[in-house]
Structure formats: C-alpha cells, structure tokens
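Per-entry structural report
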Amino acid sequence: MRPFFAIINLTLKNAIRSHVFQILLAVLLLCVGIIPYSIGGGSPLDFVRVSLLYSIWAIVLVLALASLWLGCFIMAQDVDSYQLHMVVAKPISRVVIWLGKWTGINLINISLLIISLTAVYSIVMYRYKSDDRFTQADRRQISSEVLVGRRVFMPTRPDFPALARQALQEKMKQTGVLPSDAQDKLYGELLQQIAAGYSELPAGQSKGWIFENLPDIGNEPLFLRYRPYLGKISSEDQRQSHLQWVVIRPSGEAVLPSGERVAASEWPQPLSEGPEQTFTGVFYEKTIPGEWQVITPDRKVRVMVANFDKFGEKHYYQPADGPKLLLRICGFEGNYMRMVLVLVIQMLLLSALACAFGGFLTMPTAVFVVASYLLLGSFSTLLTDQSFFVSTAWDQIGQNLAKLLLIIVIPLQAFDVTELLSTGELIEFSLIWRLFFNFFILRGLPLFLFGMWMYRKRELGLAVRK
C-alpha cells in the first residue's frame, strides 16, 4: 500500500504546487459568496430556493469542468513531462499508479465540494434565520416546503401510446386501412390529442386523480402540490382564476344542509371554504390533515379540482408539475447530505472517465472524447423524454436509437437533484443506489477497466521527443 499512498501524496503535492487547489477554492467561494447576496426580488420562499439552486449549480459546473481537466491533464502530463518514465522504473504497477492518481484527484474535488457546500448551507441558513424581511409566516412556509425532505407520490397516469393505438384502430374500422405514412401521422395526432385532453380542465367541470401504493402514515399530514395554467401551458399571459380542491375521504361524518351529521362511507372534503382566487402559472401547496384519514384500505387517495374561471377559460395541469402528494420523511440536513452523496458519485465518475481516456490519449483528444461521450448521453436523454411525442416512423427510429445509446452512455442530467432539494422533495436512497449501480458500475466500470488496461499497455518510448 505504500506505493499507492505515495502516488496519492505526489498527486496532491503537484496540485497544490501548481495552485490548482487554491484557484478552484477561490472560484467556488466567490460563486458561493456572491450568488445568494445578488438575488433580489420575489418572495422569501423563492429567495431560498433560487439561492440553493444557483449556488449548487455553480459549484457542480466548476467541479465538473475541474474533474475533466484535472484527470486528463494529470494523466497525459505525466507522460509528456517524462515523470511516468521515472516512476515505472520502480517496482510499481501502472494500475496502482492509475488508482493513486484517481484517488488524489478525488480527494481534491471532494474536499472542495464539502467546503463549498458547507458555505452554501451556512449562508442560506443564516439569511433564513436572521433576515428581518422574513416574517414568521415566511419562515414556517420555508420550513415546511423547502427545508425538509418529503417523499413524492405521483398520480396514476394513463398509457397514452396504448390509448392512441386503440383510437387508431377504431378510426381505421370506420375509414378503412390507411397507408403506413398516413397511419403514423394519424397516430401522432391522436397521441397529442389524448395527452392534451388528460392535461386540460374546461371551465365549470371537475377533474380527479388517484394516488396508489401510499404507506400507512398514521396521523401524519399529506401535502398537495400543484401548478395550474390558464388557457395554455405557458408562463406567459397568466392571470387570476378561481378553483377549488377536494379530497375524497373514505369514511367519516358528512354534514347535511339541515345540519344533521350522518355516517358516510365516502364523501368529498373541500380543502377550502369555497372557490379560491389563484394566480395561475405558479406552484401552490395545501395541507391534508392526518386526522382526516384520507387513505383507503387499498392504499389509495383520490383528489379532485373544479375550474370556476369566471371567463370560461380552460385550466391545464402538466403531469410533471402535479398534482403530487408529499409526505415528510426527514429534515433538510438529512436531505442535504443525500444530495452531497449524489454529487460525490458524480465527481468520482467524471474523474474516472477523464483518467481512463487521459491515460492513453493526448490531453486535447481525451477532453474531446470525454466531453463528446457525455454530450451524447445528454442528447439521448432529451430524445427519450416522455414529452417528446413520436409521430412518424423516423421519430420512432430516432427514439429507439437513443434508447440503445443510453445503455452505454452516461447522461449527466440524471445526477441533477438540486431541483428536488430546493422544493423539499426527498432524495431517495433507492435513487442514489440506481445512479451508482447503473452509471458507475454498469456503464462506467468497463470504461475504467479499459482505460487502466490501455494505460498499462502504453508504450512510453513513443512519447519521447527527438
């Protein structure tokens, strides 16, 4: 183990001697110190959310670029400067050298990550506790919606492609068999119509959602989170509208118009006294008290909303925006540590990719290859997104190709959990395990082993300049 620790020590000394550590730390602390204090306007809740989002995004961006650059630079520079020639002359395996350099790079990155994230946490909490502009109501809202870790439950969603195929078959029974191109076009139109119909709610009507597989929560409250749109799914041209949410209680007492209380096996419980005036296009939350016992024996919850818009316009609810139910699982500190763990896995992955290709390629080529590999993963994720409607045969081919690429490439979007943290949504341990297993083990490890093998087989004599 002495050679391994010696390589780590040498890597750290080289980084400190070249002032890489000091420069990165200064850049990170500058970002952390400026971003929270440069955000103005908006509500205190938005201030805390945006501070967390922008600060952590800046940290991740700087450290991601640093991981790629350091890994490629250190591995390639050792060959170009002939340092590796002197090291391999000693009885040290090149695999040990590779692992030692990778470990040293990660010690630098993880140290910077912890220092900068600790600074973000300290600044945000200081502003939250000491800022005079924050009222007690603001602090209660921030504490319940951001500084918390809540498990998310999404409603059961219809199988849009299956419904579109069924509608297509019914259309062809009426019109006869269509050419393949016409079938593809009609299928795409039907798919978009069905998806749009699922999202829209005409004025004067109500719409319901069913949440399944909820746990036994006792008397813990549930939180209903939603964002309505008016007229179209866009942040533009939104205004005040009226709506009312209702949760279906499986049992309890219903109050008749006469004032008499009667037992009811299922009855609607309004979450407000009447239709509420709501500015559309932004998120809202409502509390469902635990004593209402809204979970049915088969572990389901039903919620409904009615559109009372005075001008008769439709409301829209994007599936990604909710409605969703949230249940408190842990505090903000616990959720913050889960986010740190995700970012550590990301740093380990990026530095290993850089070391793998930097060990047998020149530095510019290694940076280009790693960057192209990661961009390919990002584009493939966009093409396979659920919002990308497949309407033609070429769309289907492109989406299938993207799905095949995702078997071997790594999309960095999968590691972006800052949105979950800033909205108080729990970063599940199951998500962390899937990220580690699917990307670090299944996709990354073969590349790391290939890079070690190529590094081990590299002919150092070819690097000597004449």
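Here the structure is shown first, and the text comes after it.
Residues numbered from 1 in each chain as written. Predicted model: local features only at pLDDT ≥ 70, side-chain atom pairs only at ≥ 80, totals over all residues. Heavy atoms only, no water.

All right, on to the overall build of the protein chain then. The helix and strand tally for the protein chain stands at 13 helices and 14 strands. For the protein chain, buried positions account for 46% of its 466 residues. Sequence-distant contacts, at least 24 apart, represent 80% of the contacts inside the protein chain between residues at least 6 apart. Of the roughly 23800 Å² of accessible surface on the protein chain, a fraction of 62% belongs to carbon and sulfur atoms. (Helix = DSSP H or I, 4+ residues; strand = E, 2+ residues; numbered from the N terminus. Buried < 20%, exposed > 50% of the residue type's maximum accessible area, 1.4 Å probe, protein only. Contact = heavy atoms within 4.5 Å. Areas by Shrake-Rupley, 256 points an atom, 1.4 Å probe, with all protein chains shown as cover.)

Glancing now at the sheet that holds strand β2 (residues 200-201). On the basis of which strands lie adjacent, the open sheet formed by three strands has the order β2-β13-β5 and antiparallel pairing. Each of the sheet's edge strands pairs with one partner strand only, and the pair in question is β2 and β5 (229-230). One ladder, built from two bridges, connects β2 with strand β13 (residues 315-316); its direction is antiparallel. Considered in β13, the bridge of glutamate 200 is made with tyrosine 316. (Pairing = 2+ DSSP bridges.)

As a further point, take unusual backbone geometry. For aspartate 237, which is not glycine, the phi torsion reads 60° and is therefore positive. Tracing the chain through its elements places aspartate 237 in the loop between β5 and β6 (240-249). Residue class for aspartate 237 comes out exposed when judged on its relative accessible area of 61%. A positive phi angle, near 55°, is found at glutamine 293, a position not held by glycine.

The subject of this paragraph is the nonpolar core. Counting 79 residues, the largest nonpolar core has Ile56, Trp98, Leu117, Tyr336, Met339 and Leu353 as the members making the most contacts within it. Sorting the residues of this core by element identifies α1 (2-17), α2 (20-38), α3 (44-80), α5 (94-130), α9 (332-358), α10 (363-383) and α13 (429-457) as the ones contributing at least two each. In terms of residues, this core owes the most to one element, α9, which gives 17 residues. Those residues in contact with methionine 339 that lie beyond four places of it in its chain are Ile56, Leu117, Val417, Leu421 and Ile427. Counting 34 residues, the second largest nonpolar core, distinct from the first, contains Leu168, Leu186, Leu214 and Val303. (Core = buried A, V, L, I, M, F, W, Y, C linked by side-chain atoms within 4.5 Å.)

Considering the arrangement of structural elements, one finds alanine 196 in helix α8 (residues 180-199). On the basis of relative accessible area, alanine 196 is assigned to the partly exposed category, the value being 36%.

A word on a nonpolar patch on the surface. A cluster of nonpolar side chains, contributed by Leu401, Leu404, Ile407 and Ile408, occupies part of the molecular surface with about 420 Å² of accessible area. One can find isoleucine 408 in the loop between α11 (393-405) and α12 (418-422). (Patch = residues over 30% accessible without salt bridge, like charges linked within 9 Å, V, L, I, M, F, W, Y side chains within 5 Å. Salt bridge = Lys/Arg side-chain N within 4 Å of Asp/Glu carboxyl O.)

Across the interface, α1 lies against α5 with an axial gap of 8 Å and an inter-helix angle of 45°. Comparing the axis directions of α1 and α5 gives the class oblique. In the packing of α1 onto α5, the handedness of the crossing is right-handed. For the pair formed by α1 and α5, the contact residues are Pro3, Phe4, Ile7, Ile8, Thr11, Leu12 and Ala15 on the first element and Val96, Ile97, Leu99, Gly100, Lys101, Thr103, Gly104, Ile105, Leu107 and Ile108 on the second. In terms of residue class, the contact of α1 with α5 is made up of twelve nonpolar, four polar and one charged. (Axes fitted to C-alpha atoms, helices over the stretch in contact; angles between N-to-C directions. Parallel < 35°, antiparallel > 145°, perpendicular 65-115°, else oblique. Left-handed = near helix turned anticlockwise from the far one by under 90°. Nonpolar A, V, L, I, M, F, W, Y, C, P; charged D, E, K, R; others polar.)

Here proline 364 shows up in helix α10. We classify proline 364 as exposed; its relative accessible area is 62%. Expressed as a C-alpha distance, the spacing of proline 364 and alanine 76, which sit 288 residues apart in the sequence, is 9.4 Å.

This part covers the packing of aromatic side chains. One pass over the structure, following the stated rule, counts 20 aromatic pairs. Summarising the aromatic geometry, the rings of phenylalanine 4 and phenylalanine 5 are spaced 5.5 Å apart at their centres and angled 70° between planes, so their arrangement reads as edge-to-face. Three or more aromatic residues link up through ring pairs in this structure, and these residues are Trp209, Tyr226, Trp245, Tyr284 and Tyr317. The residue whose ring lies beneath lysine 207 is tyrosine 198, and the NZ or CZ to ring-centre distance is 4.7 Å. (Phe/Tyr/Trp six-rings, centres within 6.5 Å; stacked < 30°, edge-to-face > 60°. Lys NZ or Arg CZ within 6 Å of the ring centre and 35° of its normal.)

For strand β1 (residues 148-153) and strand β14 (residues 324-331), the ladder comprises six bridges, and the chain directions are antiparallel. Among the inter-strand pairings, valine 148 is bridged to a residue of β14, identified as glycine 331. As defined by bridge partners, strand β4 (residues 222-226) adjoins β14 across three bridges and the pair is classed as antiparallel. Residue pairing for β14: arginine 225 is matched across the bridge by lysine 324.

Attention shifts here to α13. An ideal rise of 1.5 Å per residue puts 42 Å on 29 residues; α13 measures up with 39 Å between its terminal C-alpha atoms. Buried within α13 we find Leu431, Ile432, Leu435, Phe439, Phe440, Arg443, Gly444, Phe448, Gly451, Met452 and Tyr455. (Expected span 1.5 Å × (residues − 1).)

With that out of the way, let us pick up α9. With 27 residues, α9 extends 38 Å from end C-alpha to end C-alpha; this agrees with the ideal 39 Å at 1.5 Å per step. Most of α9 is tucked away, with 22 of its 27 residues classed as buried.

Attention now goes to the pattern of salt bridges. Scanning the entire structure with this criterion turns up 13 salt bridges. When the shortest N-O distance is used, the salt bridge between arginine 225 and glutamate 285 registers 3.3 Å. You can see arginine 225 sitting in strand β4 and its partner glutamate 285 sitting in strand β11 (residues 284-288), a full 60 residues away along the chain. Accessibility expressed as a relative area gives 3% for arginine 225, which makes it buried. With a shortest N-O distance of 3.1 Å, aspartate 309 and arginine 239 are connected by a salt bridge. Note that aspartate 309 is positioned in the loop between β12 (301-307) and β13 and arginine 239 in the loop between β5 and β6, a separation of 70 residues in sequence.

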